[in-house]
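# Understanding the architecture of this molecule
What follows is each chain in one-letter form.
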Amino acid sequence: MNAPEPVAPSAPAEPHVMGTYGRLPIALSHGQGCRVWDTAGRRYLDGLGGIAVNTLGHAHPRLVPALQDQVAKLIHCSNYYHVPLQEQLAAKLCALSGLENAFFCSTGLEANEAAIKIARKFGHDKGFDRPEIVVYEKAFHGRSLATLSATGNPKVQAGFGPLVEGFVRVPLNDLAALEEIARTRPQVTAVFLEVIQGEGGIHPATVDYLRAVRALCDRQDWLLMLDEVQCGIGRTGKWFAHQWAGIRPDVMPLAKGLGSGVPVGAVVCGPRAARVLGPGNHGTTFGGNPLAMRAGVETLRIMEEDGLLENAARVGAALREGLARRLAGQAGVVEIRGAGLMIGIELDRPCGELLGRAAEAGLLLSVTAERVIRLVPPLILNADEAAEIVDILCPLVEAFLAERSA
Ligand SMILES: *Cc1c(COP(=O)(O)O)cnc(C)c1O
């Protein structure tokens, strides 16, 4: 008998937690920088950042005391009252984006839900009775019914019909398909896309496509709504990924990285969308609470003070080059793509099991769209840590591909 010993500890029994996730048999207990430890004392390098959430890594020495200070003062108070930190965070987001105002919520799907409502109301205000929103193949916008309906993944939609109507779908980077929509669908009010599709497998919209869509939206009086929930907040080396194309959206949902782990969502709007919703049109109990706003304000402040945009661009490029060099010519590696610290390695076969194997080797990452290894580490990742990711990951990929082609 030479069956391998199980390396991972057995999964803790959790009979009271609904089984909505396939989880690894690991429970994390604490972290420091880009390192985390599990309850068995094993250490990991964090290439996942809680799925593009832990912008400042773990236990950041300036974020922690700021949040402790806020917790001791006021966590929540409801939107019956003014929350001065909302204005502070909104003003900062507007300064960074060139947009005009922001609505705050707590998650990505909520930010997208608000965007969808803005697009619908924008249409109704024009006199449309059935406004439509253009969405994309392979898109991911969340798991509520409206955002699930906007999502372009039949697998996550299965079992939840009837879906919400009013979405028309096109392929990414196909301008002719969008122009066809302009000719044939008079009630379209908005185009809604991720600048870099995240869950769909790290597929970027090209700069040319983004500029052409911006121009088409201007011509058609459509809102350009860019879901920057995953690719925004410095991840690609600019504050927002669309800034690489030199354009501005009308509506920009944000969430994941904005609170560095504290749930913060926002929809930032330009002049054409900023006054579509008025009193009574939309709201949320937790959105914009003082703890969330403080997390957002401090996250952006620390990112600026520590030059994390520049870091994401530089270390991300080094990481991508390291991966490309080590995996060059490797049969089974289809493409390495992305920008900054949002990187996908597409293999020619499903590779979900690499999640567990990487964890056993001390590296946290994810696999998305079945065959794309996704790295979205904290933006504080340094060059040594990037090199370590390459050193751990590449042999695992090589071994995996060798096994399967044998
Ligand atoms: C994660 C994600 C969402 C959903 O965010 P939640 O906070 O999980 O609701 C929406 N859009 C994009 C692009 C995402 O990556």
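Note that the structure is a prediction, hence the values are computed from the model and not measured.

Here the focus is the UniProt feature "binding site: pyridoxal 5'-phosphate" (unreviewed entry) in the protein chain. Taking the numbering used here, the UniProt-annotated feature "binding site: pyridoxal 5'-phosphate" (unreviewed entry) corresponds to Phe 140, Asp 227, Glu 228, Val 229, Gln 230 and Thr 285. Spatially, the listed residues are scattered: they cover 146 residues, and their C-alpha atoms lie as much as 24.8 Å apart. Set against the largest cavity, the annotated residues that line it come down to Gln 230. Position of Phe 140 relative to the elements: it lies in the loop between β5 (132–136) and α5 (145–150).

On to the confidence of the model for the protein chain, then. Caution applies to low-pLDDT regions: their predicted coordinates should not be interpreted in detail. Mean pLDDT for the protein chain: 96, with 97% of residues reaching 70 or above. Below a pLDDT of 50 lies the segment residues 1–8, which in the model reaches 4 contacts outside its immediate sequence neighbourhood of four places, other chains included.

Let us now look at the site of the ligand. Surrounding the ligand, one finds Thr 107, Gly 108, Leu 109, Asn 112, Phe 140, His 141, Glu 194, Asp 227, Val 229, Gln 230 and Lys 256. Gln 230 is positioned with one of its side-chain polar atoms (N or O) 2.7 Å from an oxygen atom of the ligand. At a separation of 2.6 Å, an oxygen atom of the ligand approaches a polar side-chain atom of Lys 256. The fraction of the free accessible surface of the ligand (380 Å²) that becomes covered by protein chains is 82%. If you tally residues by element for the shell around the ligand, the top one is helix α4 (residues 108–125), at 3 residues.

Taken as a whole and assessed by the stated rule, the structure comprises 2 aromatic pairs. The interplanar angle of 80° and the centroid separation of 6.3 Å between the aromatic rings of Tyr 80 and Tyr 81 together place this pair among those described as edge-to-face. Judged by relative accessible area, which is 75%, Tyr 80 ranks as exposed. Both rings, one in Tyr 136 and one in Tyr 209, keep their centres 6.4 Å apart while their planes meet at 90°; by these two values the pair is edge-to-face. Note that Tyr 136 is positioned in strand β5 and Tyr 209 in helix α8 (residues 207–220), a separation of 73 residues in sequence. Each member of the pair Tyr 136 and Tyr 209 is classed as buried.

Structurally, Thr 368 is set in strand β16 (residues 366–368). When near neighbours in sequence (up to four residues on either side) are disregarded, Thr 368 contacts Gly 198, Glu 199, Gly 200, Gly 201 and Arg 374.

Looking now at the environment of Glu 179. Mapped onto the secondary structure, Glu 179 falls in helix α7 (residues 175–184). Residue Glu 179 is classed as partly exposed on the basis of its relative accessible area, which comes to 30%. Considered as a pair, Glu 179 and Arg 62 are 117 residues apart in the sequence and their alpha carbons are 49 Å apart.

Here we come to the layout of surface pockets. In this structure, the second largest pocket occupies an estimated 700 Å³ of space. Around the second largest pocket, the lining comprises 29 residues; the ones closest to its centre are Gln 86, Asn 101, Ala 102, Phe 103 and Phe 104. Elements represented by at least two residues in the lining of the second largest pocket include exactly α3 (84–97), β4 (101–105) and β12 (265–269). Across the lining of the second largest pocket, the residue classes tally to 16 nonpolar, 11 polar and 2 charged.

Next up on the list: the packing of α3 against helix α9 (residues 290–305). Across the interface, α3 lies against α9 with an axial gap of 8 Å and an inter-helix angle of 35°. Between α3 and α9 the crossing geometry is left-handed. Residue-level inspection shows Leu 85, Gln 86, Gln 88, Leu 89, Lys 92, Leu 93 and Leu 96 of α3 in contact with α9, the latter providing Pro 290, Met 293, Arg 294, Gly 296, Val 297, Leu 300 and Glu 304. By residue class, the composition of the contact of α3 with α9 is 8 nonpolar, 3 polar and 3 charged.

Parameters and conventions
- Numbering of residues starts from 1 in each chain and follows the order in which that chain's sequence is written.
- This being a predicted model, a pLDDT of at least 70 is required before a residue's local features are given, and a value of 80 or more before pairs of side-chain atoms are given or counted; all residues contribute to the totals for chains, interfaces and linings.
- Values reported for side chains reflect all heavy atoms of the structure, with hydrogen atoms and water molecules removed beforehand.
- UniProt positions are given in the numbering used here, feature names are shortened, and annotations may be inferred rather than shown by experiment.
- Only protein atoms enter the 1 Å grid used here, on which a cavity is any set of points holding a 1.4 Å probe that cannot leave and a pocket is any open set flanked by protein within 12 Å on both sides along at least five of seven lines; residues with an atom within 4 Å of a point are listed as lining.
- Strands here are runs of E lasting at least two residues and helices are runs of H or I lasting at least four, both read from the DSSP assignment and numbered beginning at the N terminus.
- Confidence scores here are pLDDT values: one per residue, from the predictor, ranging 0 to 100.
- We call two residues in contact when some of their heavy atoms are within 4.5 Å.
- Note on definitions. A residue lies near a molecule or strand when any single heavy atom of the residue is within 4 Å of it.
- Polar contact is the term for a pair of N or O atoms within 3.5 Å; when the atoms are in protein, one must be able to donate a hydrogen and the other to accept it, and sequence-neighboring residues count only if both atoms are side-chain atoms.
- Where accessible areas are quoted, they stem from the Shrake-Rupley method and a 1.4 Å probe; at the residue level, only the protein chains shown are allowed to cover.
- Stacked, tilted and edge-to-face are the three classes applied to pairs of Phe, Tyr and Trp rings, where Trp contributes its six-membered ring and a pair requires centres within 6.5 Å; stacked means planes under 30 degrees apart, edge-to-face means over 60, and tilted covers the rest.
- The rule is simple: take the accessible area with a 1.4 Å probe, protein chains only, and divide by the maximum for that residue type; under 20% is buried, over 50% is exposed, in between is partly exposed.
- Grid points are joined across faces, edges and corners, and a volume is the space filled by probe spheres set on the points.
- Note on residue categories: nonpolar means Ala, Val, Leu, Ile, Met, Phe, Trp, Tyr, Cys or Pro, charged means Asp, Glu, Lys or Arg, and polar means any other residue, Gly included.
- Interaxial angles span 0 to 180 degrees and are taken between N-to-C directions of axes, which are lines fitted to C-alpha atoms, for helices over the stretch in contact.
- Helix crossings are classified by the rotation of the near helix relative to the far one: an anticlockwise turn of less than a right angle makes the crossing left-handed, while a clockwise turn makes it right-handed.

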